[in-house]
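In case you want the letters, here they are:
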Amino acid sequence: MRQRLVPICFLSTLLCLVSLNSSAQTLVKPPILADSWSQPYPGFKIVGNLYYVGTNDLACYLIATPEGHVLINTGLPGSASMIRTSVEALGFRFQDIKLLLTTHAHYDHVGGTAEVMKLTGARMLINERDASVLEDGGNSDYAFGGKGSTFEAFSADALYRGGDTIRFGGMDIVSLPHPGHSKGANSFLISIADEQRSYKVLIANIPTVVAANLSSVPGYAGIVEDYEYTFEAMKKIEFDIFLASHAGQFGLHQKRKPADSYNPPAFVDRKGYDMIIDQMLKEYRRRLAAKN
Ligand SMILES: [Zn+2]
């Protein structure tokens, strides 16, 4: 696997400054596929310094470090207060969030990002292939765009390439490019230890097919090649703990009840991962075959 260590301080010199869109935007209401997307879920410790701070289904992850915290994903627009409640209930200061990342730039994973940036001053890094979608609030997204902004527009502070390692607070967060669902969709692989052992944690971006017809996808030339690459790459990843962008994708509610105590092995699940990747691959092939 190609890995390049890219310290965040280096990345910050490369690219653009934040320009939060201060004027109030009128947002187009995007498809909300489940009520669970906006229902709360109590935050909990997954393993070591990694915590779940998302909603009932939209997974958000906090990596707590002595140099401040990393927040991966922010749910739908309006989710910042739910995330804040979870972060503070776990004993952390919301203002100590310093770095924002996302598995992909859709309204259900970056919808709260502009607000979190305003509340915390955190910097946002994104895969370069998803950067432009942030700047028009998702309107240029090939699948959900074209009707207006579905989340508050903003610019990332810096960009990385798929395969780069983002180093922050002593953590190495490896981005694995898994394009298709969005152009810059990526998973993250992170080694996280507790007192017992070290785990390779995969936050997988499951490659759900969102284009109805893969033969011609306006705005995304090369989508088929990207999905082909992604399915092959995802089969080969080695990891211990399986997490994902949606709680339902990694079976959070089957694996854990809100009152359960700390139990990282509950999330060790190669079989569940292989099953959902296989399920997505079948759906992808079905839509590919349907094009002719
Ligand atoms: Zn998505």
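The structure we're discussing is the one just above.
Residues numbered from 1 in each chain as written. Predicted model: local features only at pLDDT ≥ 70, side-chain atom pairs only at ≥ 80, totals over all residues.

What to know about helix H4 (residues 113-120)
Residues spaced three or four apart along an α-helix point in a common direction, a consequence of the helix completing one turn every 3.6 residues. Counted only if it meets this: Exposure in this text rests on C-beta crowding, where 20 or more other C-beta atoms within 10 Å of a residue's own make it buried, 12 or fewer make it exposed, and counts in between make it partly exposed. The C-beta atoms are placed from the backbone. The way it works is that DSSP assigns letters per residue, a run of H or I at least four long becomes a helix, a run of E at least two long becomes a strand, and they are numbered from the N terminus. By the convention adopted here, residues are in contact when the distance between their C-beta atoms, placed from the backbone, does not exceed 7 Å.
Of all 8 residues that make up H4, 6 are buried, and the element is covered over most of its length. For H4, the complete set of buried residues consists of Thr113, Ala114, Glu115, Val116, Met117 and Thr120. Buried residues belonging to H4 abut strand E5 (68-72), helix H2 (80-89), strand E6 (97-101), helix H3 (107-110) and strand E7 (123-127). Immediately beyond the C-terminal end of H4, within one or two residues, lies Gly121, with a positive phi of roughly 75°.

Remarks on the sheet that holds strand E4 (residues 61-65)
To keep it simple, the criterion reads: If DSSP finds at least two bridges between two strands, the strands pair. Orientation is described by axes fitted as lines to C-alpha atoms, over the contacting stretch for helices, and by angles from 0 to 180 degrees between their N-to-C directions.
Strands sit in the order E2-E3-E4-E5-E6-E7-E8 across an open sheet of 7 strands; the sheet is mixed. The two strands at the open ends of the sheet, each matched to only one other strand, are strand E2 (44-47) and strand E8 (158-160). The sheet shows a mean angle of 30° between the axes of neighbouring strands, taken without regard to direction. Sitting on the sheet, H4 is in contact with E5, E6 and E7, with an inclination near 165° to E6.

Looking at the pairing of E5
In terms of residue burial, E5 counts as a mostly covered element, since 4 of its 5 residues are buried. Pairing between E4 and E5: 5 bridges, direction antiparallel. Its bridge partner lying in E5, Ile63 is registered against Val70. Hairpin connection of E4 to E5: 2 residues between the antiparallel strands.

Observations regarding the pairing of strand E11 (residues 186-193)
In this sheet, E11 lies alongside strand E10 (residues 171-177) in antiparallel orientation, the contact comprising 5 bridges. Counted as the bridge partner of Pro177 is Asn186 from E11. Of the strand pairs in this sheet, E11 and strand E12 (residues 198-204) are connected by 6 bridges, and their pairing is antiparallel. Its bridge partner lying in E12, Ile192 is registered against Tyr199. Linkage of E11 to E12, two consecutive antiparallel strands, is achieved through a turn of 4 residues.

Distances and angles like these do not, on their own, reveal function.
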